[in-house]
Amino acid sequence: MTAVFKREFRSYFQTPVGFVIVAAFALFSGMFFSVVYASGAPHVESVVSTMATVVIFAVPFITMRLLSEDRRQKVDQVLLTAPVSVYGIVMGKFFAALSLYAVGFIPTLIFQFIVSLHVTVNWLIYLYALIGILLLGAVMISIGMFLSSLTESPVIAAALTFAVFLAVLLLGSYASASGYAVLEKVNTAVSFIDRFSGFTAGVFNAADVVYMLSVSFLFIFLTVRTVEKRRWS
């Protein structure tokens, strides 16, 4: 798994993708922080919360090549015949993508230090928000990785991933506006985006953590099964 992780993480910076993602995260978080800082509010967790919008657009680009590119270049069989389990391959790729994603939030730590030089800040609330955005990223990356395993086209993988995120987001908005009990129950069951909001409000709910970890493991499992099926086909 370690070898796959190193190979995959390094590959992000052998193309413009890794640099563009990190730069985009830094740009938007910096813009959001400038607004918060100018208003005199010491709440960097609001920057983290707002970054969820950027994440919806960024994650499809992070995950689109994870497995589809190997299939397109016909090198997936080399990995599948290597002395590493399918689980190790999938987890190595997952953690590589999650690590790139996490690097994008390093600027928020710098912002928190800047604010702490002027006022007393609540580090716990900031850490809750950071844990929440990382868990949200884990869920989205696991979904994107699964969809990437279904196609040879990175573009199709990215489009499918974005479509799923958009559908979940719109379902939450429509369920709230419509007032239908059935839709609200469905939204509660599938909306990982809504569950993220509790973290940024400073509320640490163990049920939300378990839910987001469970969804991540579910899609990792589905990805492993998809790759194993191709291994023996």
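Look a little higher up for the structure.
Quick caveat, the model's predicted, so the values are computed rather than measured.

### Some remarks on the overall build of the chain
For the chain, the helix and strand inventory stands at twelve helices and zero strands. Across the chain, helices and strands are ordered from the amino to the carboxyl terminus as α-α-α-α-α-α-α-α-α-α-α-α. Taking all 233 residues of the chain together, the buried fraction comes to 46%. For the chain, the accessible area works out to roughly 11400 Å², and carbon and sulfur atoms hold 72% of it.

### Observations regarding the packing of aromatic side chains
Aromatic ring pairs: the centre-centre distance and the angle between the two ring planes describe each pair. Going through the model one piece at a time under the given rule, you end up with 14 aromatic pairs. An angle of 15° between the planes, with centres 6.0 Å apart, marks the rings of F5 and F9 as stacked. Of this pair, F5 and F9 both sit in helix α1 (residues 2-12), four residues apart, which is roughly one turn of that helix. Taken together, F5, F9, F13 and F19 form an aromatic cluster joined through their ring pairs.

### Some thoughts on the side chain of E8
Checked against the element boundaries, E8 lands in helix α1. Within the structure, the side chain of E8 is placed 3.4 Å from the side chain of R7, a separation counted as a polar contact. Apart from the residues lying within four places of it in its own chain, the contact partners of E8 are L66, K93 and A96.

### Digging into helix α2 (residues 16-39)
Along its 24 residues, α2 runs 35 Å from first to last C-alpha, staying within 8% of the 34 Å computed at 1.5 Å per residue. When we look at burial in α2, the residues that qualify are V17, G18, I21, F25, S29, F33 and V36. Taken together, the buried residues of α2 touch α1, α3 (45-63), α6 (86-103) and α7 (106-116). Phi turns positive one or two residues past the end of α2, at G40, with a value near 85°.

### A look at the nonpolar core
Grouped together as the largest cluster of nonpolar side chains are 59 residues, with contacts concentrated most on F25, Y101, I133, L136, M140 and F192. Broken down by element, this core gets its largest block of residues, 14 residues, from helix α8 (residues 123-148). Sequence-distant contacts of I133, that is, excluding residues within four places in its chain, are made with V48, A52, V55, Y101, F105 and F196.

### Comments concerning a nonpolar patch on the surface
A cluster of nonpolar side chains, namely L27, F28 and M31, defines an oily patch on the protein surface of about 270 Å² accessible area. Turning to its location among the elements, L27 is positioned in helix α2.

Rules used in this analysis
Residue indices begin from 1 for each chain and proceed along its sequence in written order. In view of the model being predicted, local features appear only for residues whose pLDDT reaches at least 70, and side-chain atom pairs are presented and counted only at 80 or more, with totals across whole chains, interfaces and linings using the full set of residues. The side-chain figures draw on all heavy atoms in the structure; neither hydrogens nor water molecules are used. Here a strand is any run of E in DSSP of at least two residues, a helix any run of H or I of at least four, and the numbering for each starts at the N terminus. When a residue's accessible area, from a 1.4 Å probe over protein chains only, is under 20% of the maximum for its type it is buried; when over 50% it is exposed; and in between it is partly exposed. Computed with the Shrake-Rupley method and a 1.4 Å probe, the accessible areas treat only the protein chains shown as cover for residues. Aromatic pairing here means that ring centres of Phe, Tyr or Trp (its six-membered ring) are within 6.5 Å. Orientation follows from the plane angle: under 30 degrees is stacked, over 60 is edge-to-face, and everything else is tilted. For this analysis, a polar contact is any N or O atom pair within 3.5 Å, provided that within protein one partner can donate a hydrogen and the other can accept it, and provided that sequence-adjacent residues contribute only side-chain to side-chain pairs. Contact criterion: two residues are considered in contact whenever any of their non-hydrogen atoms come within 4.5 Å of each other. Here the expected span of a helix is defined as 1.5 Å times the quantity of residues minus one. What makes a nonpolar core is a set of buried Ala, Val, Leu, Ile, Met, Phe, Trp, Tyr and Cys residues whose side-chain atoms join them at distances within 4.5 Å. The patches described consist of residues with a relative accessible area above 30% and no salt bridge, like charges being joined within 9 Å and nonpolar side chains (Val, Leu, Ile, Met, Phe, Trp, Tyr) within 5 Å. For this document, the term salt bridge refers to a Lys or Arg side-chain nitrogen within 4 Å of an Asp or Glu carboxyl oxygen.

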